[in-house]
Amino acid sequence: MAIPLAQVSATALSDRYRSVRECSLRLISELRPEDTVVQSMPDVSPSKWHLAHVTWFFERFVLESHLPDYTRFDDQYHFLFNSYYYTAGQMHARPQRGLLSRPTLTQVLDYRSYVDTAMQQLLQTEVAADEQVMHVVTLGLQHEQQHQELLLTDIKHVFSCNPIKPPVSTTLEIVPSQAVAPYSFTDGCAGIHRIGADGEGFAFDNETPRHDALIHEHQIGNRLVTNAEYRAFIEDGGYESAALWLSDGWAVVNARQWNRPLYWSKSRDSEFTLGGERDIDDNAPVCHVSYYEADAFARWAGARLPTEFEWELAARNHNSHGNLLESRHWHPMASTGQQYFGDVWEWTSSPYAPYPGFKPLAGSLGEYNGKFMCNQMTVRGGSCVTASDHIRPTYRSFFYPDARWQFLGVRLAKDDHAS
């Protein structure tokens, strides 16, 4: 959920609610109803389902608890659009969300409008000033921003499966490439440092509690790994050299016959993007690689992946936002900067695990993060489809090590000033 927030006015919360909800609708403005129902793999949810699920969140956890005499839009939606909150009830199976041709997109949009009207009614009452209500509404908005990112990465996968490779959007800005600095390493922060959210502003519960961590001497890369650098790894036989790979990674590479990042063409000169098929920009950050591929590349480069604590300390010193959702590039871009925020989520070597003293919240909202703290790896930094007001140095996200459909990339680190 959240840690304590600075007090905000009910009017400000109402305005933010409207802004976030409108953003979701803008993201689907170029889609057609047929696009919004497709599920291309179990990890992908249809666009229509995302729009309904985030609406269900407000209905279930805000309106039903805090608005007297609230009536559900449709009782069946409670089953159809729950995701994984078992303490709130049963749900439709995730791999079968693409079978939900009904309710229609129009009905889902009507559902959103119905809930938005009730939410704005609630936000005009004194209930909105209640700290707990404020926290749950804010959590719901942060949750919707997470699904805005998922909506774009999921529809990208859906469209990539179409032989005609249509663009998700025809209005994305294409920026000319620029040269990047040679890859180099700088000394990272060593010693005992405080890690995690400090209580100022919003944070998810998995960013807490703030705690001391021992960080050994290390160096961290000055930028993200580029497409050209990753292509060199491929051309040097990186996908054929078992010595570079973790055992599970080597098994996955062979079973799935991986030999390049997801969405790259066989010729390795073009890639599918949210703007359709484009030439690969050699200077842009490589993306859509799994943890296994990021780790193998790092070994090939004589380096390793940073820990999430090393990353967080470095990002505090470079807390400037780069290419994020509002830029409307929706693809990683070459940059002369450090690129800690935006462009690609950065794999770290840290398993997604609880911080010392972490305790999930009681009730259904305690299912938000804690129960996923097993068998996944931590990523940091946000991507080119992350909202700029959604990311921060302490933000932790997580994926299974074989995941590739998100904008996932690589930054390198080294131990003890290794050359």
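The structure we're discussing is the one just above.
Definitions and cut-offs
Residues numbered from 1 in each chain as written. Predicted model: local features only at pLDDT ≥ 70, side-chain atom pairs only at ≥ 80, totals over all residues. Heavy atoms only, no water. Helix = DSSP H or I, 4+ residues; strand = E, 2+ residues; numbered from the N terminus. Buried < 20%, exposed > 50% of the residue type's maximum accessible area, 1.4 Å probe, protein only. Pairing = 2+ DSSP bridges. Axes fitted to C-alpha atoms, helices over the stretch in contact; angles between N-to-C directions. Salt bridge = Lys/Arg side-chain N within 4 Å of Asp/Glu carboxyl O. Contact = heavy atoms within 4.5 Å. Core = buried A, V, L, I, M, F, W, Y, C linked by side-chain atoms within 4.5 Å. Phe/Tyr/Trp six-rings, centres within 6.5 Å; stacked < 30°, edge-to-face > 60°. Lys NZ or Arg CZ within 6 Å of the ring centre and 35° of its normal.

Colleague: Please clarify how the environment of S184 should be interpreted in this entry.
Modeller: Here S184 shows up in the loop between α5 (131-160) and β1 (185-187). The exposure class of S184 is partly exposed, given its relative accessible area of 32%. Residues S184 and A413, spaced 229 residues apart in sequence, show a C-alpha to C-alpha distance of 9.8 Å.

Colleague: Help me understand the sheet that holds strand β4 (residues 218-221), please; the structure alone is not making it clear to me.
Modeller: Pairing between the strands of a sheet is mediated by backbone hydrogen bonds and can be parallel or antiparallel. Taken together, the 3 strands give an open sheet; going across it, the order is β1-β4-β11, and neighbouring strands pair in antiparallel fashion. A single partner strand is all that each edge strand has here, and the edge strands are β1 and β11 (413-415). Taking each pair of neighbouring strands and ignoring which way they run, the sheet shows an average axis angle of 30°.

Colleague: Hey, could you run me through the pairing of strand β5 (residues 270-273) in this one?
Modeller: When a strand is regular, its side chains alternate between the sheet's two faces. Of the two faces of β5, the one carrying S270 and F272 and the one carrying E271 and T273 are both buried. Pairing of β5 with strand β6 (residues 276-279) involves 4 bridges; the strand directions are antiparallel. From the neighbouring strand, F272 faces β6, where its bridge partner is E277. Counting the residues that bridge the hairpin from β5 to β6 gives 2 residues.

Colleague: Any chance you could explain the sheet that holds strand β8 (residues 377-380) here in plain terms?
Modeller: One open sheet holds the 4 strands; their spatial order is β9-β8-β7-β10, and the pairing between them is mixed. Single-partner strands in this sheet number two, and they are β9 (397-399) and β10 (408-409). Bridging between β8 and β9 involves 3 bridges; their strand directions are antiparallel. Bridge pairing in β9 links T378 to F398.

Colleague: So what exactly am I meant to see when it comes to the pattern of salt bridges here?
Modeller: Note on pairing: side chains with opposite charge can pair once their charged atoms come close. Applying the stated rule across the entire model yields 21 salt bridges. One salt bridge connects R223 with E229, and the closest N-O pair in it is separated by 2.7 Å. Two residues, D295 and R299, come together in a salt bridge whose shortest N-O distance is 2.7 Å. With D295 and R299 both in helix α8 (residues 291-300), this residue pair falls 4 residues apart, about one helical turn. Connected through shared salt-bridge partners, E308, E312, R316, R380 and R396 make up one network.

Colleague: Whenever I open this one, the environment of L51 confuses me. Can you help?
Modeller: In this fold, L51 is placed in helix α2 (residues 47-66). The buried category is assigned to L51, whose relative accessible area is 1%. When the C-alpha atoms of L51 and F202 are compared, they prove to be 23 Å apart, with 151 residues separating the residues in sequence. Apart from residues lying up to four places away in sequence, L51 is in contact with S24, I28, L105, V108, L109, R112 and L151.

Colleague: Looking at this structure, I do not really get the nonpolar core. What am I missing?
Modeller: Side chains of a nonpolar character, in soluble globular proteins, are inclined to be buried together. F233, L274, W347 and V410 are the most contacted members of the largest nonpolar core, which has 103 residues in total. The element best represented in this core is α5, accounting for 11 residues. Leave out the neighbours within four places in its chain, and L274 touches L152, I155, K156, P167, V168, S169, L172, W330, V385 and F407. In terms of nonpolar packing, the next biggest core, distinct from the first, is built from 5 residues, I195, A213, L313 and Y355 among them.

Colleague: Just to check I follow, could you spell out the side chain of R223 for this structure?
Modeller: Tracing the chain through its elements places R223 in the loop between β4 and α6 (227-235). Among residues more than four places away in sequence, those in contact with R223 are V180, A181, P182, Y183, E229, G337, Q338, Q339 and R411.

Colleague: Looking at this structure, how should I read the packing of aromatic side chains?
Modeller: By convention here, two paired aromatic rings are described through the distance between centres and the angle between planes. If you walk through the whole model with that rule in mind, you get 39 aromatic pairs. Aromatic pair Y84 and Y85: ring centres 4.8 Å apart, planes at 25°, arrangement stacked. Overall, Y85 belongs to the buried group, its relative accessible area being 0%. Judged by centre distance (6.4 Å) and plane angle (70°), the ring pair of Y230 and Y239 falls under edge-to-face. Residue Y230 shares its accessibility class with Y239, and that shared class is buried. Members of the aromatic cluster, each reached through a chain of ring pairs, are Y17, W56, F57, F58, F61, Y84, Y85, Y352, F372 and F398. Above the face of the F272 ring, K165 is positioned so that its terminal group lies 5.9 Å from the ring centre.

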